[in-house]
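A structural walkthrough
The residues making up each chain are set out below.
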Amino acid sequence: MPDTESPLFRPLTVRSLELRNRIVMSPMTRSHSPGGVPGPDVVEYYRRRAAGGTALILTEGVAIDHPTAVDNPRVPHMHGEEALDGWRRVVDAVHAEGGRIVPQLWHVGPLWGAMTADVDPDLVPMRPSGVWGELGVTSYGEDYISRASAPTRAMTVEDIEQVVAAYTDAAAAAARVGFDGIALHGGHGYLLDAFLWEGTNLRDDEWGGDLERRTRFPAAVVAAIRARIGDDLPIFYRFSQHKQQNYEARIAHTPDELKAVLTPLKEAGVDVFDASIRRFDMPAFEGSDLTLAGWAKKVTGAHSMAVGSVGIATTLRESRLQGSAPVRNNVPELERRLGDDEFDLIAIGRLHLADPSLATTLRSGAELPEFDRAVHEAALI
């Protein structure tokens, strides 16, 4: 398909965000910001992808200003003047190359201690109910499980209010810096997702119980951000069925349950649902070929974004076991689904590491680069 006809290169506007194509760089945790401050290497890392033609960059997870937001001192912050100055340089560099950039605000919640064992022993991480839930399958090993399963406490109402305020302050800071929108990491078992998941939210107050009440905390975060930043900037919301520690977990077993989860988030102010799955073309529910991103768009009417294994035959977990991942050409299937308006954007992670000019490569029709696990881990970790 010639690039002039490809749905990958159609522009898209979401509120004030104008995108030159549908290609997004997916968030990938790097831990390359000592003291939480993005330095010149972070500026160059993102600038190169914008220069390569990628329309939108979603940053790695960025810590909100809360004591247990992240457990790694090299994860960037969205608070403190030094960190905000670093982000201004990132934003300016991306804009100078014609790209747009949105920060993914992050509180790891139940996964405190999973990223690093070097954590403050005086800080007790929080979970909605102080419980982990069923661990299920993990690709991170027993050490990961033992750290992530450390003693925690249930969140109080005051805790909830403080976290909402911290998210809101971070979003306002990002808007001042000049970011083009706000993204929230509400998947993979992190704090926002832990409220949605019945395995970790056992509360019997207004913040837990049935599915409708389990959505109230993430919806409150979104609503507070929307009220603070106004109507101009779009809000992206990453959600998932699976958790990092359990690939069999589900927040929604049917399309109706998915609608019950996502509709309050849309009504609170979400513009784009970032449906995190392991393969972008994987059907979400039995009896339909529609993906999780497709169902998110169908049940809410909002924009949606797909992610997962574009151009790569294996998932990251499988490539850890097998070594380098062979490339397959699944771009035609991606173009078909975009052309059918099943979803609106496609986020691509690992290939953006192998080829910073990935968008240009896709436009030219050249052979996709091969993903190498060692290169991936060197770039991120």
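Labelled according to an unreviewed UniProt entry, the protein chain appears under the name 12-oxophytodienoate reductase, originating from Rhodococcus pyridinivorans.

**A word on the pairing of strand S8 (residues 182-185)**
By the alternation rule, side chains of S8 split into Ile182 and Leu184 and Ala183 and His185, which are all buried. Where strand S5 (residues 100-106) meets S8, two bridges bridge the pair, whose relative direction is parallel. Note that in S8 the partner of Gln104 across the bridge is Ala183. Bridge analysis of S8 against strand S9 (residues 235-240) gives four bridges, and the strand direction is parallel. The partner of Ala183 across the bridge, within S9, is Phe236.

**Regarding the sheet that holds strand S12 (residues 345-348)**
Pairing in this closed barrel of eight strands is parallel, and the strands run S3-S4-S5-S8-S9-S10-S11-S12 around the ring. Geometrically, the sheet is characterised by an average inter-axis angle of 25 degrees between neighbouring strands, direction not taken into account. Bridge count between S9 and strand S10 (residues 272-276): five bridges; the pairing is parallel. If you follow Arg238 over to S10, its bridge partner there is Asp274. Against the sheet, helix H4 (residues 157-177) makes contact with S5 and S8, and its axis sits at roughly 165 degrees relative to S5, the strand it touches most. Across the face of the sheet, helix H7 (residues 216-229) comes into contact with S8 and S9 while running at roughly 165 degrees to S9.

**What to know about the nonpolar core**
By size, the foremost hydrophobic cluster in this structure holds 98 residues, and its most contacted members are Tyr46, Met78, Phe217, Tyr237 and Phe239. The element best represented in this core is H4, accounting for ten residues. By size, the runner-up hydrophobic cluster in this structure holds 16 residues, among which are Val14, Leu17, Val24 and Ala55.

**Side note on unusual backbone geometry**
Positive phi is not limited to glycine here, since Arg15 has a value of about 55 degrees. Summarising the element assignment, Arg15 is placed in the loop between strand S1 (12-14) and strand S2 (17-19).

**Looking at helix H1 (residues 40-51)**
Given a rise of 1.5 Å per residue, twelve residues ought to cover 16 Å, and the 16 Å separating the end C-alpha atoms of H1 matches this to within 8%. Among all positions in H1, only Val42, Val43, Tyr45, Tyr46, Arg49 and Ala50 are buried. Down the axis, H1 shows its buried residues gathered within 165 degrees of arc, on one side only. Gly53 sits one or two residues past H1 and shows a positive phi near 105 degrees.

**Re the pattern of salt bridges**
Inspection of the entire model under this criterion finds 19 salt bridges. Where Arg47 meets Glu97, a salt bridge forms, and the shortest distance between an N and an O atom there is 2.9 Å. Here Glu97 lies in the loop between helix H2 (81-96) and S5 and Arg47 lies in helix H1, a separation of 50 residues in the sequence. Between Arg228 and Asp169 there is a salt bridge, with its nearest N and O atoms 3.0 Å apart. Within this pair, whereas Arg228 is found in helix H7, its partner Asp169 is found in helix H4, the two being separated by 59 residues in sequence. Linked through salt bridges whose partners overlap, the residues forming this network are Asp289, Glu333, Arg336, Arg337, Asp340 and Glu342.

Rules of the game
Residues numbered from 1 in each chain as written. Predicted model: local features only at pLDDT ≥ 70, side-chain atom pairs only at ≥ 80, totals over all residues. Heavy atoms only, no water. Buried < 20%, exposed > 50% of the residue type's maximum accessible area, 1.4 Å probe, protein only. Helix = DSSP H or I, 4+ residues; strand = E, 2+ residues; numbered from the N terminus. Pairing = 2+ DSSP bridges. Axes fitted to C-alpha atoms, helices over the stretch in contact; angles between N-to-C directions. Contact = heavy atoms within 4.5 Å. Core = buried A, V, L, I, M, F, W, Y, C linked by side-chain atoms within 4.5 Å. Expected span 1.5 Å × (residues − 1). Arc of directions from axis to C-beta. Salt bridge = Lys/Arg side-chain N within 4 Å of Asp/Glu carboxyl O.

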